[in-house]
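Residue-level listing of the chains:
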Amino acid sequence: MEESFVLPIERLEPLKGWGGAVGAAAYVYRPSTGGQLKEVFATARATGRTITLRGAGRSYGDASLGRENIVIELTRMNRILDWDPVSGIITCEPGVTIEQVWRYVIEDGYWPPVVSGTMYPTLGGVLGMNIHGKNNFVAGPIGEHVCAFTFLAASGEELSVGRETDPDLFYSMIGSFGMFGVFTSIKMKMKKVYSGDLDVKVYTSDNLHGLFKIYEERIPESDYLVGWIDAFASGDKLGRAVVHQANYLKPGVDPTPKQSLRAAHQDLPDTLFGFIPKSIMWIFLRPFTNNVGFKLVNWAKFWSSKISPKKQMRQAHAAFAFLLDYVPNWKKSYGKGGLIQFQSFIPKESAEEAFRAQFTVCQSVNMPPYLAVFKRHRPDKFLMTHAVDGFSLALDFKVTRKNRAKLWKLTERLNQITLDAGGRFYMAKDATLTREAFRQYLGEETLAKFAALKKRFDPDNVLVSELSKRLL
Ligand SMILES: Cc1cc2nc3c(=O)[nH]c(=O)nc-3n(C[C@H](O)[C@H](O)[C@H](O)COP(=O)(O)OP(=O)(O)OC[C@H]3O[C@@H](n4cnc5c(N)ncnc54)[C@H](O)[C@@H]3O)c2cc1C
């Protein structure tokens, strides 16, 4: 792209992980074609810089940061290349977002088979991490719905990888957090739906044990299941929770599917309570983003769900799936220090005890997470998988200059509880994991296979991120 051996200063941009707690300035390139993408790799070689791949930068921590080196942001490679409304198979460039996909396919009666709690990630980024949804226990991660992809390895090799034709590479490259090369196009199968709405049911539990019981009972009948836990509740109320179950509507149940399958029906409202513009809602949240305020918010959320007579409703797919997009910029309410998320995945046999221990430790150092989300998972075949036959708990912590060191220490204790329980971690959310913990949960055999693939596809170690420097 540039002739000179020095990178142009005007490309230097301050970048942050989505949580805002970690950041690093980098020379940012946004290619719009495969040709431009290759030119950036040539620029990196000519200038002796490393490259970090970045999609929409929605990973909470440092997975798509590369300090004072090149960051390739793939958001401009965002064309939908092919769509077959009969088979439900779509082919996209890597910068296409989950939002673009659902808006494109919904009127044909399809929905992405796996989505994250936000609709803004790119498909390249979701494959980089192999994301899971609130349906992980039944649908697996997004990688299980990919048929094939094309890939530009850091070595310059170009590959077409199919699930059936190259299973070994397929299950190793998906989830490889941008360490081998770039997903340049992705072919995946959408889920057929017969309505734009879901049937949603609400359950509450007065404690953690009750939450596990609700899951045991509801899992066989659920398409989606997600729990929100009041992390401030203690004693015999520890782990009290609200659970949302959602199910697809069977053919013929929705009397007006043509209307509900319109993209406009899915749009989240512009105002909250009918009059507060959502864009300024984070300002109202700000005074509450402290221990006292969030204790109140969590208490109110639990009790409003518990006493509400409305335990069943119809909700649009987007409204159910992307709850976290309801309040744009809500993370700003956490202030300058931002937030981190600690998510651990623990086998079903030890999950209840481990999560109880995690809440107890947080409360004992007066650092309760402000948001705690609970999900059910199933194991999968991907090399760097974060999934287990068990449960995950995602905990959001506010970061300030004053609490930062103490919080990082707390996550070490949470790591240990996770490792002792045979659990795993997830790089999309991580900002604090240590190299030792990383080795311990993945194991030497997996890491050796990963290292061999790294050597094959990136022999000069061009692809590096702040996360990989921390963990590899
Ligand atoms: C509010 C919120 C809710 C979330 N909810 C969930 C959830 O429910 N489930 C879940 O699993 N995750 C969830 N996430 C995490 C998010 O889905 C992942 O971090 C996802 O990877 C972000 O995609 P991105 O496009 O922003 O990629 P980035 O965060 O920019 O990058 C992710 C990784 O992919 C690599 N990468 C990016 N593009 C490419 C490419 N084209 N080729 C190869 N590698 C590439 C990067 O190097 C990096 O390692 C949530 C995040 C937020 C902010």
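Anything mentioned here points back to the structure above.
Criteria and thresholds
- Residues numbered from 1 in each chain as written.
- Predicted model: local features only at pLDDT ≥ 70, side-chain atom pairs only at ≥ 80, totals over all residues.
- Heavy atoms only, no water.
- Helix = DSSP H or I, 4+ residues; strand = E, 2+ residues; numbered from the N terminus.
- Rg over C-alpha atoms; globule rule 2.2 N^0.38 Å.
- Buried < 20%, exposed > 50% of the residue type's maximum accessible area, 1.4 Å probe, protein only.
- Contact = heavy atoms within 4.5 Å.
- Pairing = 2+ DSSP bridges.
- Axes fitted to C-alpha atoms, helices over the stretch in contact; angles between N-to-C directions.
- Phe/Tyr/Trp six-rings, centres within 6.5 Å; stacked < 30°, edge-to-face > 60°.
- Parallel < 35°, antiparallel > 145°, perpendicular 65-115°, else oblique.
- Left-handed = near helix turned anticlockwise from the far one by under 90°.
- Nonpolar A, V, L, I, M, F, W, Y, C, P; charged D, E, K, R; others polar.
- Core = buried A, V, L, I, M, F, W, Y, C linked by side-chain atoms within 4.5 Å.
- Near = heavy atom within 4 Å.
- Polar contact = N/O pair within 3.5 Å; in protein donor to acceptor, adjacent residues only side chain to side chain.
- Areas by Shrake-Rupley, 256 points an atom, 1.4 Å probe, with all protein chains shown as cover.

J.: Summarise the overall build of the protein chain; cite the residues concerned and give the values.
T.: Across its full length, the protein chain holds 16 helices and 21 strands. The globule rule puts the C-alpha radius of gyration for 472 residues at 23 Å, and the 22 Å found for the protein chain is close to it. When its C-alpha atoms are laid out on the principal axes, the protein chain stretches across 65 × 55 × 45 Å. Among the 472 residues that make up the protein chain, the fraction classed as buried is 58%. Partitioning the intrachain contacts of the protein chain with sequence separation of at least 6 by distance along the chain shows that 72% fall at a separation of at least 24.

J.: Account for the pairing of strand E1 (residues 12-16), naming residues and giving values.
T.: Examined bridge by bridge, E1 and strand E2 (residues 23-29) share five bridges and lie antiparallel to one another. Looking at the pairing, Glu-13 lines up with Ala-26 of E2. From the end of E1 to the start of E2, which pair antiparallel, there are six residues, and Gly-20 there has a positive phi angle of about 80°.

J.: If you had to explain the sheet that holds strand E5 (residues 80-84) to someone new, which residues and values would you point to?
T.: Across the sheet, which stays open at both edges, the five strands sit in the order E5-E6-E10-E8-E9 with antiparallel pairing between neighbours. Looking along the sheet, the strands with just one partner apiece sit at the ends: E5 and strand E9 (158-162). Here the average twist between neighbouring strands, direction ignored, is 15°.

J.: Residues and numbers for the packing of aromatic side chains, please.
T.: Scanning the model with the defined rule gives 33 aromatic pairs in all. Centroid distance Tyr-224 to Tyr-248: 5.5 Å. Interplanar angle 65°. Geometry classified as edge-to-face. With Tyr-224 in strand E13 (residues 224-229) and Tyr-248 in strand E14 (residues 241-248), this residue pair connects regions lying 24 residues apart in the sequence. In this structure, Tyr-224 and Tyr-248 share a single accessibility class: buried. Measuring from ring centre to ring centre gives 6.1 Å for Tyr-334 and Tyr-370, while their planes differ by 35°; the resulting arrangement is tilted. Of this pair, Tyr-334 sits in the loop between helix H11 (317-321) and strand E18 (339-347) while Tyr-370 sits in the loop between helix H12 (348-364) and strand E19 (371-377), and the two are 36 residues apart along the sequence. Tyr-334 sits in the buried class, given a relative accessible area of 3%.

J.: How would you explain the packing of H12 against helix H13 (residues 404-420) if you had to name every residue and give the values?
T.: Where H12 contacts H13, the axes come no closer than 10 Å and their chain directions differ by 165°. Considering their axes alone, H12 and H13 lie roughly antiparallel with respect to each other. You can see that H12 and H13 cross each other, and the crossing is right-handed. Facing Ala-354, Ala-357, Gln-358, Val-361 and Cys-362 of H12, the residues of H13 in contact are Leu-410, Arg-413, Leu-414, Ile-417 and Thr-418. Along the lines of polarity and charge, the residues of the contact of H12 with H13 split into seven nonpolar, two polar and one charged.

J.: For the side chain of Ser-465, give the residues involved together with the corresponding values.
T.: Of note, Ser-465 is situated in the loop between helix H15 (444-457) and helix H16 (466-471). Ser-465 has contacts with Thr-52, Asp-62, Ala-63, Leu-65 and Met-179, leaving out every residue within four places of it along the chain.

J.: Give a detailed account of the nonpolar core, specifying residues and quantitative values.
T.: One broad trend across soluble globular proteins is that nonpolar side chains are buried collectively. Among the nonpolar cores identified, the biggest contains 126 residues, and Trp-111, Phe-149 and Phe-438 are the most heavily contacted of them. Of all the elements, H12 adds the most residues to this core, at six residues. Setting aside chain neighbours within four positions, we find Phe-149 in contact with Leu-159, Ser-160, Val-161, Phe-170, Met-173, Ile-174, Phe-183, Ser-185 and Ile-186. Membership of the second largest hydrophobic core comes to 18 residues, among which are Leu-7, Tyr-27, Val-462 and Leu-463.

J.: Describe the site of the ligand, listing the residues and the values that go with them.
T.: The ligand sits among 34 residues. The nearest are Leu-53, Arg-58, Ser-59, Thr-122 and Tyr-426. At 2.9 Å from an oxygen atom of the ligand is found a main-chain nitrogen or oxygen belonging to Gly-57. Gly-117 places a main-chain nitrogen or oxygen 3.1 Å from a nitrogen atom of the ligand. Contact with the protein chains hides 98% of the accessible area of the ligand, taken as 970 Å² for the molecule alone. Only strand E3 (51-54), helix H3 (123-129) and strand E10 (181-189) provide two or more residues apiece to the shell around the ligand. For the shell around the ligand, the class distribution of residues is 16 nonpolar, 14 polar and four charged.

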